[in-house]
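A closer look at the structure
What follows is the residue order along each chain.
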Amino acid sequence: MVAYITMWRWSCWFIVIMLIFESGSKMAESMRFDMHSGETKCISEDVKADTMSVGSYSIVDPIKGDPNVTVRVTSPHGVSYHYGDKVEKGTFAFTASENGPYSACFCSPLHKPPLTTIVEFDWRSGVEARDWSNVAKKGNIEAMEIELRKLSVTVRNVHAEMYYLRDREEEMQELNLSTNSEMAIMGFLSLVVCVSVAGLQSWHLRNYFERKKLL
C-alpha cells in the first residue's frame with residue numbers, strides 16, 4: 001500500500017512537470033500553412049472550460065482583387081465563437097464554456113486559375129493568451145515579477161488540470177466497474193443458457209434411446 005501511494009505521488013509530480021512544460025511551450029509561436037483554391041483546413045486546440053483563448057490570422061502578401069478566406073471558430077458541440085467572411089485578417093477571443101477540442105476552420109473559395117494562399121495563424125490559450133507586455137507596462141512591473149506571475153498562473157492551470165484528470169479518472173473507474181458488472185451478468189446468463197441447452201440435449205438423447213429401446 002505504501003509503495004502504491006509513493007508511485008502515485010511520483011506519477012502526479014511527473015504529470016505536473018509535464019503540464020508546466022506543455023503550458024509554457026504550447027502555442028508559443030505562430031504557424032503558416034498553404035491553402036489551394038476550394039480547399040478547407042481546420043486546426044483544433046484542446047481547451048479547458050473557463051480558459052481564455054485568443055487568436056489572430058492574416059493572409060501573407062495578399063494580392064488586391066484575389067479571393068480571401070472565410071474563417072469560423074467553433075466549440076466541440078458546434079457553437080460559433082467567431083466568423084469572418086472573405087477577410088484578409090482578423091482576430092478572435094473567447095472564454096471556453098466547456099472542455100474539449102475547439103476548431104478554427106479556414107475555407108478558400110474556388111478561383112480560376114487556381115491560386116495558393118499562405119495563411120499565418122496564431123492561437124494561444126491559458127497563460128499564453130494574456131498580453132504580459134501590457135500587464136508590465138500598466139503595473140510598472142519588472143521582468144522577474146512577470147515571470148513569477150506567469151509561473152503562478154501556470155501552477156493554477158496545472159492545479160485545475162489535476163482536478164480535471166482526477167474527475168476523468170473517477171469517471172473511468174465508474175465506467176470500468178459498470179462494465180465489469182455487466183460482463184459478470186452476461187457471463188452468468190451465458191452459463192445458465194449453456195447448462196440449460198446441455199440439459200435439454202441430454203434429456204432429448206435419453207428419450208430417443210429409450211424409444212429405440214437402446215437403454
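Residues numbered from 1 in each chain as written. Predicted model: local features only at pLDDT ≥ 70, side-chain atom pairs only at ≥ 80, totals over all residues. Heavy atoms only, no water.

The protein goes by GOLD domain-containing protein in an unreviewed UniProt entry, where it is assigned to Linum tenue.

The secondary structure content of the protein amounts to three helices and eight strands. Expressed as a percentage of the 215 residues in the protein, the buried residues total 26%. Sequence-distant contacts in the protein: of pairs separated by 6 or more residues, those separated by 24 or more amount to 73%. Here the protein displays about 15,400 Å² of accessible surface, and carbon together with sulfur accounts for 60% of that area. (Helix = DSSP H or I, 4+ residues; strand = E, 2+ residues; numbered from the N terminus. Buried < 20%, exposed > 50% of the residue type's maximum accessible area, 1.4 Å probe, protein only. Contact = heavy atoms within 4.5 Å. Areas by Shrake-Rupley, 256 points an atom, 1.4 Å probe, with all protein chains shown as cover.)

Below, the discussion takes up a nonpolar patch on the surface. Residues Ile185, Met186, Phe188, Leu189 and Val192 make up a contiguous nonpolar surface patch of about 500 Å² in total accessible area. Among the structural elements, Met186 can be located in helix H3 (residues 143-211). (Patch = residues over 30% accessible without salt bridge, like charges linked within 9 Å, V, L, I, M, F, W, Y side chains within 5 Å. Salt bridge = Lys/Arg side-chain N within 4 Å of Asp/Glu carboxyl O.)

Let's shift gears to the state of the cysteines. Disulfide: a covalent bond connecting the sulfur atoms of a pair of cysteines. All chains considered together, the criterion is met by one disulfide. Each disulfide pairs two cysteine sulfurs, and for Cys42 the partner residue is Cys105, the sulfurs being separated by 2.0 Å. Between Cys42 and Cys105 the sulfur-sulfur dihedral comes to about 110 degrees; the bridge is accordingly right-handed. Highlighted residues: Cys42 in strand S2 (residues 40-47) and Cys105 in strand S7 (residues 100-107), separated in sequence by 63 residues. A residue is classified by how much of its surface remains accessible, and Cys105, at 22% relative accessible area, is partly exposed. Considering cysteine sulfurs only, Cys42 is the nearest to Cys107, which forms no disulfide, with 9.2 Å between them. Take Cys107: its relative accessible area is 32%, and that puts it in the partly exposed class. (Disulfide = S-S within 2.5 Å.)

Attention shifts here to the nonpolar core. Counting 18 residues, the largest nonpolar core has Phe33, Phe92, Phe94, Phe106, Phe121 and Trp123 as its most contacted members. At the level of secondary structure, the elements contributing two or more residues to this core comprise strand S1 (31-36), S2, strand S3 (52-59), strand S4 (69-74), strand S6 (89-95), S7 and strand S8 (116-125). Each residue touching Phe92, except ones within four places of it in the same chain, is listed here: Ser53, Val54, Gly55, Ser56, Tyr57, Val73, His82, Phe121 and Trp123. (Core = buried A, V, L, I, M, F, W, Y, C linked by side-chain atoms within 4.5 Å.)

With that settled, the discussion passes to the pattern of salt bridges. Applying the stated rule across the entire model yields four salt bridges. Here Arg32 makes a salt bridge to Glu120, at a shortest N to O gap of 3.0 Å. In this pair, Arg32 sits in strand S1 while Glu120 sits in strand S8, placing the two residues 88 residues apart along the sequence. Taking relative accessible area as the criterion, Arg32 reaches 55% and is therefore assigned exposed.

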